[in-house]
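Single-letter residue listing:
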Amino acid sequence: MDRTPRMRPPRPVRPAWLAAAGIAVAALLAVTGCTSPGGASTGSSAAPVASAPGSGASTSALHWHSCTLGIAGLQCARLTVPLDYAHPGGRKITLALSRVPATAPPSQQQGDLLVNPGGPGGSGLSLAAAVAAGLSRKVAADYNIIGFDPRGVGSSVPALTCDPSFLSGVRPDYIPSGAAAEQTLINRARTYAADCQKRYGWLLPYMTSADAARDMDSIRAALGAPKISYFAYSYGTYLGQVYATLFPHHLRRMVLDSTVDPTGAWYADNIAQDYAFEGRMEAFFSWVAAHHATYGLGSTRAGVDQAWYRARARIQAHPVNGRIGADDFDDTFLQGGYSNALWPGLAAALAAYLHGGATGQIVSQYRQEGVQSENGFAVYNAVECSDVNWPRNWARWNSDTRRVYRTAPFQAWDNAWFNAACAFWPVRGPAKPLQITGTGLPGILMIQGTLDAATPYAGAQAAHRLLPSARMVVVRGGGNHGQSLAQPPNACVDGYLNRYLATGALPSRPGLVNATCPALPPPSPTS
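In this report, the structure presented in the accompanying data block is examined. Keep in mind it's a predicted model, so treat the numbers as computed, not measured. Residue indices begin from 1 for each chain and proceed along its sequence in written order. In view of the model being predicted, local features appear only for residues whose pLDDT reaches at least 70, and side-chain atom pairs are presented and counted only at 80 or more, with totals across whole chains, interfaces and linings using the full set of residues. Where side-chain values are given, they derive from all heavy atoms of the structure, hydrogens and water being excluded.

1. Quick notes on the nonpolar core
Stage number 1. In these notes, a set of buried Ala, Val, Leu, Ile, Met, Phe, Trp, Tyr and Cys residues joined through side-chain atoms within 4.5 Å is what counts as a nonpolar core. Only protein chains enter the calculation, and the probe is 1.4 Å; a residue is then buried if its accessible area is under 20% of its type maximum, exposed if over 50%, and partly exposed in between. Counting 90 residues, the largest nonpolar core has Leu97, Leu114, Leu160 and Trp425 as its most contacted members.
Stage number 2. By the convention used here, residues are in contact when the closest approach between their heavy atoms is within 4.5 Å. Not counting residues up to four positions away in its chain, the partners in contact with Trp425 are Ala193, Cys196, Leu204, Asn381, Ala382, Cys385, Ser386 and Arg392.

2. Digging into the side chain of Asp142
Stage number 1. Of note, Asp142 is situated in helix α4 (residues 137-142).
Stage number 2. In contact with Asp142, other than residues within four places in its own chain, are Ala102, Ala104, Gln108, Gln109, Gln110 and Gly111. Secondary structure elements follow DSSP: runs of H or I of four or more residues count as helices, runs of E of two or more count as strands, with numbering from the N terminus.

3. Notes on the state of the cysteines
Stage number 1. Pairs of cysteine sulfur atoms within 2.5 Å are what we label disulfides. Inspection of the entire model under this criterion finds four disulfides.
Stage number 2. Across a sulfur-sulfur distance of 1.9 Å, Cys385 and Cys422 are joined as a disulfide pair. Handedness of the Cys385-Cys422 disulfide follows from its S-S torsion of about -80 degrees: it is left-handed. Here the residue Cys385 occupies a position in helix α14 (residues 374-387), and Cys422 occupies one in the loop between α16 (409-419) and β12 (444-449), the gap between them amounting to 37 residues. In this pair, the class of Cys385 matches that of Cys422, namely buried.

4. What about the packing of helix α8 (residues 267-290) against helix α15 (residues 394-407)?
Stage number 1. One can describe the packing of α8 onto α15 by two numbers: an axis separation of 10 Å at closest approach and a directional angle of 20 degrees. In this view, α8 runs roughly parallel relative to α15, as classed from their interaxial angle. Seen from above, α8 lies across α15 with right-handed handedness. Contacts from Tyr267, Ile271, Asp274, Tyr275 and Glu278 in α8 reach Arg396, Trp397, Asp400, Arg403, Val404 and Thr407 in α15.
Stage number 2. Along the lines of polarity and charge, the residues of the contact of α8 with α15 split into five nonpolar, one polar and five charged. For helices, the fitted axis covers only the stretch in contact; all axes are lines through C-alpha atoms, and the angles between them, taken along N-to-C directions, range from 0 to 180 degrees. Orientation is classified from the angle alone, with under 35 degrees giving roughly parallel, over 145 giving roughly antiparallel, 65 to 115 giving roughly perpendicular, and any other angle giving oblique. Should the near helix be turned anticlockwise from the far one by less than a right angle, the crossing is termed left-handed; should it be turned clockwise, right-handed. When residues are grouped by polarity, Ala, Val, Leu, Ile, Met, Phe, Trp, Tyr, Cys and Pro land in nonpolar, Asp, Glu, Lys and Arg in charged, and all others, Gly among them, in polar.

The values are spatial; any link to function lies outside them.
Structure, rendered in structure tokens:
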């Protein structure tokens with residue numbers, strides 16, 4: 001449920017606050033900053049060796065050392081965990097971890113806060129530093145803030161990849177022109193699934209969300225902590241729900257921002273996204289129309305809609321720089337559905353292209369927002385295709401996608417092909433998603449925008465009903481995916497977040513809407 005991290009519970013997606021912040025250094029850290037081997041350097045510390053109760057798994061010690069990228073105070077470590085928790089003495093894999101240590105006096109510290117940006121497939125190493133910087137200074141000082149690359153992701157070993165060239169070059173148009181074009185795309189999906197089996201068949205059966213949740217408990221055990229706190233966005237909220245179901249007595253506090261509907265994992269959740277993203281694109285087109293004096297793309301939503309599809313057709317016929325085709329164009333503008341902050345740059349790029357044929361801004365926006373990681377794509381498929389069994393009859397996919405396309409064309413085929421390998425995946429998951437239970441959990445803070453497309457509001461409330469100890473802060477009219485720690489900040493939302501992490505305080509209004517915050521205003525246009 002995210003695309004870089006940005007989720008498509010869906011797909012690797014990046015929360016809106018991260019998109020707006022443009023944390024280039026943090027992104028680099030995710031690639032290079034925590035790749036040192038396990039030995040500790042001067043000033044490092046080793047957490048006690050422990051075991052994950054219920055798993056029978058021994059975990060290695062954590063040797064924290066300075067990361068190689070120069071972000072002050074950020075430490076890194078590696079943790080060896082079982083590939084298969086049913087056989088903890090067998091083959092092992094390695095997780096990459098990061099930490100911003102607590103700085104409050106020991107008597108005031110509140111333990112470990114694990115953070116996750118979403119995905120599946122999103123790297124979490126840089127998130128520890130981002131969260132530490134975004135929280136109030138007092139709250140951040142109270143916690144050891146722990147980021148991690150889940151199994152198969154980024155700097156964890158192995159990093160799953162199935163076909164490094166799959167997302168390269170101009171790809172076949174997401175919207176098939178006929179039966180032959182659709183068959184070409186079906187064959188691509190089938191081949192990708194087969195390539196994953198050839199390269200990493202030994203890993204694929206152990207890439208479920210439940211496996212990742214057991215890894216989280218191994219992290220907790222290696223930290224020597226009886227309980228952990230957890231703060232996540234997007235797909236990370238589903239991972240948190242799974243962890244809470246498997247290890248309810250190991251949670252101290254939990255924040256779920258932009259929450260996945262666990263009952264729709266994952267086929268139904270994707271279809272719900274299609275309709276929600278159509279609404280977000282309509283909001284974007286309406287915003288562009290309201291600023292016709294700046295962009296000149298039409299004074300009505302329908303006019304901007306036509307301009308966008310005109311640009312898409314031109315790029316499909318004549319890819320930009322011979323590399324950026326219609327699919328890349330879609331992928332780039334999709335990110336505007338996650339964050340209003342991207343709208344001015346996207347609108348300016350569209351205007352420059354249509355008015356004068358200038359491609360520089362299209363290329364820039366693509367490089368910033370549209371480029372996808374094949375590792376993230378591979379992990380996304382490995383997790384979601386294995387969590388639950390998907391329809392194996394392509395006629396079902398075809399029928400459902402064509403039905404959606406009639407009223408929500410923007411994301412319908414794009415989303416179908418992003419997930420199509422699941423129709424041919426070598427691992428067959430259970431018939432139904434894991435049943436999430438809220439028994440024995442501490443108070444949970446949920447934060448949700450009513451117009452979020454990646455994790456639609458109705459689905460978040462479905463999750464809320466399964467978590468009786470949860471209280472939800474609803475951002476009325478908020479369409480960004482990831483409402484807390486936004487740039488610019490939403491003081492109302494961040495106030496609830498900081499108070500909860502500081503004291504455990506939750507809003508007290510009964511029902512499903514326990515508190516409300518206003519959405520941030522839309523961005524100003526750029527000339």
